2 protein chains.
Amino acid sequence: MPLPPDASLSDAGEFGLIAELETLFPQGEHVLVGPGDDAAVLRIRNGHVVVSTDLMVEARHFRRDWASAEDVGHRAAAQNLSDINAMGGTAHSLTVGLAAPADLPAQWALDFARGFAEECALVGASVVGGDLTRADEIVIAVTVLGSCTQAPVLRSGAQPGDVLALHGRQGWAAGGLAVLGRGFRSPRVLVEAYRRPEPPYAAGRLAAEAGATAMIDISDGLLAEARHLAEESGVAIDVRRGAFAVPEPLQAVGAALGADPLQFILGGGDDHALLATFTSVADVPDGWQVVGEVAEGEGVTVDGGDYEGPTGWTHF
Amino acid sequence: MPLPPDASLSDAGEFGLIAELETLFPQGEHVLVGPGDDAAVLRIRNGHVVVSTDLMVEARHFRRDWASAEDVGHRAAAQNLSDINAMGGTAHSLTVGLAAPADLPAQWALDFARGFAEECALVGASVVGGDLTRADEIVIAVTVLGSCTQAPVLRSGAQPGDVLALHGRQGWAAGGLAVLGRGFRSPRVLVEAYRRPEPPYAAGRLAAEAGATAMIDISDGLLAEARHLAEESGVAIDVRRGAFAVPEPLQAVGAALGADPLQFILGGGDDHALLATFTSVADVPDGWQVVGEVAEGEGVTVDGGDYEGPTGWTHF
């Protein structure tokens, strides 16, 4: 039964909307029981599960006037799929909880779900369960399950002498966010990068197979995530400014906003690029660029010294 | 580093509070990697995972003036553990996301986590991951993973001729909620039942082993959940009023509020009792009471007719 185009969540009703939503989520062969029972049942082949969870809150993690419902769906899925990528794994199943105001258009929830499903399809993962409830603001809660074909790559394995390498666009989403925050909509490529990040989904597993010693996805900023690697591994990390070619759109935004474009690359998050360490340059797979070195000690430096710019996002 | 007693979430900071929280969550032997990396890694023995997710929103699912932070933690864990119970399974791992205002006392979050951990310990499950972020109101997002020692019991297996049986307190939490809603705090046993439900965690697996044909947990009301069983199984269910002994505290509340106390039993949720069908009375395990019959047809009746009272909770 199709919903009227202007129906709100409250008009659609919980169970009516859930029935509509479930049609958007195809189920993989590993899903023995999908959405609709007290729990989903998944067949697990490798003897382990890799699991991660994330929250997104309206006005804090997304704005409905800056991104379409489908974009928000893509982002919500991407940031969770990226966590499995950063372990060197492949995601297979997700649950999604949506808390939202009763007057939210039901079409927003359906478009969100469509974007979410599209992003999951990029890695062949299934949405196997969820929850829908009323709240004053939109809160999206995602949990992702995956598997690894070899030992998961942790944050804690970096060793002095390792090289630090980056894979994927970095700083583009932060540039897009800065542009939107000033009321602009271009450069469009940056705004699109913010609205729909493109995590390098194949790269995590390949890095694990190539012997990555530690890995993390950049959701809160390159230097902030490098600090997590350094702390968990008990090492020092130095990042080299000169390793980064500043792409033209970031140069343009830097010029327009009077900012050093490198701050988007070093401080920006949300692209979900991967940061990993390898024993030597020879181990670094194609597509990765070496951006720093691991040494004995602690902390993160840039060209051997302190970095004064913004270095990441805190939630409180 | 202990937090000052009056610290807010914002004073404590995201990473400081997460470090405190992690100390509250002991990790089971199956947890190869616990909280703190991009994802947790779990060893899975049975070749499958049962997974479910739920949201709780302040003012809608709980009130801070009606229940302590520890109570809310217990309830948040219980309602999710109950979903695994209703499959005939045993929960082993949970993730918990907390979105909360910056001025929420950090102690509230810590007490919530302590209650959550205590409830998980009742079934030997570990909290393996989470997320913490700012929001205008408190939203709690829980995902639970478990396993079954035999085929999961679905909602769809009830057959005409089966008997319907109930295990666990039913109507107590609804009675407690009605009392709190009128500004009272007694009968205390009902208020406590609302604040900390006691799902019959051992009963789900035993029912599965006894051959339960269908099973569901009662979170939204007995008749509402019976309707889910009837719809998913393609059968009719008749519930017998006379099967229920009305416990004294519910009689007292009914008298005080001028309500039929049976409406708490038939319409109330939140106790997380189990409702299941069995092929015959002889299959029904100890501790369960037969409360109805399954027949060909559709819909749920009470003593063969329509029920006029409130029958459950909808979220929009």
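Parameters and conventions
- Residues numbered from 1 in each chain as written.
- Chains lettered and ligands numbered in written order.
- Predicted model: local features only at pLDDT ≥ 70, side-chain atom pairs only at ≥ 80, totals over all residues.
- Heavy atoms only, no water.
- Pairing = 2+ DSSP bridges.
- Helix = DSSP H or I, 4+ residues; strand = E, 2+ residues; numbered from the N terminus.
- Domains from an automatic or database assignment.
- Contact = heavy atoms within 4.5 Å.
- Buried area = accessible area lost by both parts, 1.4 Å probe.
- Salt bridge = Lys/Arg side-chain N within 4 Å of Asp/Glu carboxyl O.
- Axes fitted to C-alpha atoms, helices over the stretch in contact; angles between N-to-C directions.
- Left-handed = near helix turned anticlockwise from the far one by under 90°.
- Nonpolar A, V, L, I, M, F, W, Y, C, P; charged D, E, K, R; others polar.
- Least-squares fit on C-alpha atoms with pLDDT ≥ 70 in both.
- UniProt positions renumbered as here; feature names shortened; annotations may be inferred.
- 1 Å grid on protein atoms, 1.4 Å probe; cavity = no way out; pocket = protein on both sides within 12 Å on 5 of 7 lines; lining within 4 Å.
- Points joined across faces, edges and corners; volume = space filled by probe spheres on them.
- Buried < 20%, exposed > 50% of the residue type's maximum accessible area, 1.4 Å probe, protein only.
- Polar contact = N/O pair within 3.5 Å; in protein donor to acceptor, adjacent residues only side chain to side chain.

(A) Broad picture of the pairing of strand β11 (residues 289-295) of chain B. Of the pairings in the sheet, the one linking strand β7 (residues 163-167) of chain B to β11(B) comprises 4 bridges and is antiparallel in character. In the sheet register, B:V163 faces β11(B), and the bridge partner there is B:E293.

(B) Seen up close, the domain arrangement of chain A. Residues and elements named next belong to chain A. What the domain assignment reports for chain A is domain 1 (9-147) and domain 2 (163-302). Taking only C-alpha atoms, the centre of domain 1 and the centre of domain 2 are 26 Å apart. Contact with domain 1, which involves 23 residues of that partner, is made by 21 residues of domain 2. Where domain 1 abuts domain 2, roughly 1800 Å² becomes buried across the two surfaces, and 51% of that area is made up of carbon and sulfur atoms. Of all residues in domain 1, W66, R75 and N85 give up the largest surface area on contact with domain 2, accounting jointly for 39% of the area buried on that side. Across the domain 1-domain 2 interface, the total number found is 2 salt bridges. Put simply, D71 and R196 hold a salt bridge, and the shortest N to O gap is 2.5 Å. The element best represented in the side of domain 1 that touches domain 2 is helix α3 (residues 69-85), accounting for 10 residues.

(C) Molecular detail of the packing of helix α5 (residues 172-181) of chain A against helix α9 (residues 248-257) of chain A. Residues and elements named next belong to chain A. Following both chains from N to C, one finds α5 and α9 inclined at 35°, their axes separated by 10 Å at the closest point. When you trace α5 past α9, the crossing you get is left-handed. Within the contact between the two elements, α5 uses W172, G175, A178 and V179 and α9 uses L250, V253 and L257. Of the residues assigned to the contact of α5 with α9, the class counts are 6 nonpolar, 1 polar and no charged.

(D) Summary view of the relation of the copies chain B and chain A. Placing chain B over chain A gives an RMSD of 0.0 Å and needs a rotation angle of 180°, together with 0.0 Å of translation along the axis. Here the copies are linked by what is in effect a two-fold axis. A symmetric contact is evident, with 98% of the interface residues of chain B recurring at the interface of chain A.

(E) Structural context of the UniProt feature "domain: PurM-like N-terminal" (unreviewed entry) in chain A. Per the UniProt record, "domain: PurM-like N-terminal" (unreviewed entry) is found at residues 36-147 of chain A. The distance separating the terminal C-alpha atoms of residues 36-147 of chain A is 24 Å; by composition the span is 31% helix and 38% strand.

(F) Molecular detail of empty space enclosed by the protein. For the structure shown, the criterion picks out 1 cavity of 30 Å³ or more. Roughly 50 Å³ of internal volume is contained in the largest cavity. Lining the largest cavity we find 13 residues, and of these A:T53, A:A141, A:T143, B:A141 and B:T143 sit closest to its centre. For the lining of the largest cavity, the secondary-structure elements that each account for two or more residues are β3 (48-57) and β6 (139-147) of chain A together with β4 (90-100) and β6 (139-147) of chain B. Looking at the lining of the largest cavity, its residues break down into 5 nonpolar, 7 polar and 1 charged.

(G) Representation of the pattern of salt bridges. Scanning the model with the defined rule gives 24 salt bridges over all chains in all. Taking the shortest distance from any N to any O, the salt bridge between A:R155 and B:D37 comes out at 3.8 Å. Linking A:R155 in the loop between β6 and β7 (163-167) with B:D37 in the loop between β1 (31-33) and β2 (40-43), this pair reaches from one chain into another. With a relative accessible area of 13%, A:R155 lands in the buried category. Among the charged side chains, a network of salt bridges with common partners joins A:D37, A:D38 and B:R155.

(H) Representation of the interface of chain B and chain A. Taken together, the contact pairs 62 residues of chain B with 61 residues of chain A. Between chain B and chain A, roughly 5000 Å² of surface is buried when both sides are summed, and carbon and sulfur atoms account for 62% of that area. Where chain B meets chain A, there are 4 salt bridges. Between A:R155 and B:D38 there is a salt bridge whose closest N-O contact spans 3.1 Å. Linking chain B to chain A there are 22 residue pairs in polar contact (both at pLDDT 80 or more).

(I) Fine view of the environment of B:E14. All names here are of chain B. Mapped onto the fold, E14 is located in helix α2 (residues 14-22). For E14, a relative accessible area of 5% corresponds to the buried category. Separated by 62 residues in sequence, E14 and A76 place their C-alpha atoms 21 Å apart.

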